[in-house]
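Results of the structural survey
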Amino acid sequence: VTAAAPGAPARGAAGPAAGSPPTKHPRHLLDLADWTTEQVHALFDTTDVMAQVMTRTIKKVPALQGFTVGHAVLRGLHAHPAQLRARRARAVRRRHLLRRRRQQRQQGRVAQGHAARRSTR
Amino acid sequence: MKSDLYVVRHPAAGAPLQLTRWTDAAIVNAGDGRRAHPTQALLDAYTFKTSFPGFAGFEGVKLAIVGDVAHSRVARSNVELWTKLGAQVTPVRPAHAAPRRAGRAAPASPSRTASRRRSRAPTRSWRCGCSTSAWPAACCPSLAEYRQRYQVTRARMRLAHPDALVMHPGPMNRDVEIEGVLADDPRSVIERQVANGVPVRMAVLYTLLVGSR
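Residues numbered from 1 in each chain as written. Chains lettered and ligands numbered in written order. Predicted model: local features only at pLDDT ≥ 70, side-chain atom pairs only at ≥ 80, totals over all residues. Heavy atoms only, no water.

**Structural notes on the interface of chain A and chain B**
Put simply, the rule is: Here, residues are in contact when the closest pair of their heavy atoms is within 4.5 Å. Buried area is understood as the total, over both parts, of accessible area removed when two parts are fitted together, assessed with a 1.4 Å probe. For this analysis, a salt bridge means a side-chain nitrogen from Lys or Arg found within 4 Å of a carboxyl oxygen belonging to Asp or Glu. Pairs of N or O atoms within 3.5 Å make up the polar contacts considered here, provided that, within protein, one atom can donate a hydrogen while the other can accept it, and that residues adjacent in sequence are counted only when both atoms are side-chain atoms. Numbering of helices and strands runs from the N terminus, with a helix taken as a DSSP run of H or I at least four residues long and a strand as a DSSP run of E at least two residues long. For this scheme, ten residues count as nonpolar: Ala, Val, Leu, Ile, Met, Phe, Trp, Tyr, Cys and Pro. Four count as charged, namely Asp, Glu, Lys and Arg, and the remainder, Gly too, count as polar. Here, any two strands with at least 2 DSSP bridges between them count as paired.
The interface of chain A with chain B comprises 57 residues on the first partner and 67 residues on the second. Buried surface at the junction of chain A and chain B, both sides included, amounts to about 5400 Å², of which 67% is carbon and sulfur. Our count for the contact surface shared by chain A and chain B stands at 1 salt bridge. Here A:Asp31 ties to B:Arg35 by a salt bridge, and the two come within 2.2 Å at their closest N and O atoms. The tally of links from chain A across to chain B stands at 18 residue pairs in polar contact (both at pLDDT 80 or more). Contributions of two or more residues to the side of chain A that touches chain B are made by helix H1 (37–53), strand E1 (69–73) and helix H2 (81–106) of chain A. It is H1(A) that contributes the most residues to the side of chain A that touches chain B, 11 residues altogether. Counted by class, the side of chain A that touches chain B contains 32 nonpolar, 14 polar and 11 charged residues. Bridge analysis of E1(A) against strand E1 (residues 5–10) of chain B gives 5 bridges, and the strand direction is parallel. Bridge pairing links A:Val73 to B:Arg9 in E1(B).

Following this line, the structure appears as structure tokens:
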């Protein structure tokens with residue numbers, strides 16, 4: 001966990017996006033489904049300002065002073081070789097299933113029982 | 001020490017959502033399992049937007065996502081964001097790598113093979129982007145087969161709009177999912193994507209920390 005540099009809390013100070021139109025601010029960023037199009041466009045406007053900040057000699061946003069940000073990167077994110085193998089095997093199985101189904105369709109056969117249930121997946 | 005915001009990357013889908021129940025801090029999902037990677041999608045769209053001077057909007061834009069769409073959180077988030085912004089998204093992937101549940105978000109019917117891919121390649125669109133997803137090897141029984149049928153090459157880019165861009169979320173396997181020469185082509189905006197990652201994430205922090213109070 002890394003902490004931002006502690007500074008005088010300047011919360012509420014005028015920030016880069018102070019002039020942007022008021023939109024309802026999202027609480028989290030979990031999933032883009034939760035964000036409205038307006039919120040995304042407002043974020044792009046803020047990004048323009050931040051990109052401008054990145055061209056300055058002192059790359060700082062005073063409005064963010066005093067906030068603490070924790071980074072939690074939990075390990076094991078990359079797929080284990082066994083998972084990759086299983087995924088590849090699943091791809092082969094699914095391809096066979098699709099081919100079998102196509103052949104059966106061409107022969108005019110209708111799947112029944114377990115096969116029928118599987119084909120609805 | 002009380003954090004105001006957590007950036008979380010976790011192998012299990014839904015872990016950031018669970019965290020919102022445990023803490024009052026704002027949560028930024030930096031990738032959970034195969035489910036979502038929103039900041040990557042945001043920076044992809046931002047890179048596309050800023051690549052064209054006088055950009056008019058995402059309506060009429062066609063995006064093809066090539067690769068293992070089913071197992072890629074980047075692809076899933078991109079489908080979600082670009083369709084929301086009004087673009088048309090086509091996943092180009094092996095039949096068995098179809099996004100089964102996430103696919104509902106995509107209005108375009110997915111193309112299946114390389115031959116159909118040609119017919120469905122975003123040809124006459126106003127502008128389009130082309131993005132490949134990482135981990136291509138896992139969706140195909142063999143790497144050679146993937147390369148033959150799904151590698152994004154200069155020849156295949158001729159089917160796209162002349163202004164089409166090539167994007168890649170990285171890490172890039174040159175000459176596997178993308179032709180090495182194409183990655184260094186002026187149409188490729190991969191380096192700009194990396195550079196834009198910083199301001200986009202700064203904007204996310206700013207929006208969630210300052211904007212919400």
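**Here we look at the sheet that holds E1(B)**
For the record, the criterion: Every angle, taken between N-to-C directions, lies between 0 and 180 degrees, and every axis is a line fitted to C-alpha atoms, over only the stretch in contact when it is a helix.
With respect to topology, 3 strands assemble into an open sheet ordered E1(A)-E1(B)-E2(B), the strand pairing being parallel. Pairing within the sheet leaves two strands with one partner each, and these edge strands are E1 of chain A together with strand E2 (26–32) of chain B. On average, adjacent strands in this sheet sit at an angle of 15 degrees to one another, irrespective of strand direction. In the packing of helix H1 (residues 15–22) of chain B onto the sheet, the strands contacted are E1 and E2 of chain B, and the crossing angle to E2(B) comes to about 160 degrees.

**Comments concerning the packing of aromatic side chains**
All names here are of chain B. This is how it is decided: Stacked, edge-to-face and tilted labels apply to pairs of Phe, Tyr and Trp rings (six-membered ring for Trp) whose centres lie within 6.5 Å, assigned for plane angles under 30 degrees, over 60, and everything in between, in that order. Accessibility here uses a 1.4 Å probe with only protein chains present; expressed as a share of the type maximum, an area under 20% marks a residue as buried, one over 50% as exposed, and anything in between as partly exposed.
Within this structure, the stated rule accounts for 8 aromatic pairs over all chains. A ring pair is formed by Phe48 and Trp82, whose centres lie 5.2 Å apart and whose planes are at 65 degrees; its orientation type is edge-to-face. Taken together, the positions of Phe48 in helix H2 (residues 38–51) and Trp82 in helix H3 (residues 73–85) put the pair 34 residues apart, joining distant regions of the chain. There is no split in this pair, since Phe48 and Trp82 are both buried. Counting every residue linked through ring pairs, the aromatic cluster contains Phe48, Phe52, Phe55, Phe58 and Trp82.

**As for the pattern of salt bridges**
Residue and element names in this part refer to chain B. For the structure on display, the rule yields 5 salt bridges over all chains. Residue Glu179 pairs with Arg154 through a salt bridge whose shortest N-O separation is 3.4 Å. In this pair, Glu179 sits in the loop between strand E6 (165–167) and helix H7 (180–183) while Arg154 sits in helix H6 (residues 154–157), placing the two residues 25 residues apart along the sequence. For Glu179, a relative accessible area of 17% corresponds to the buried category.

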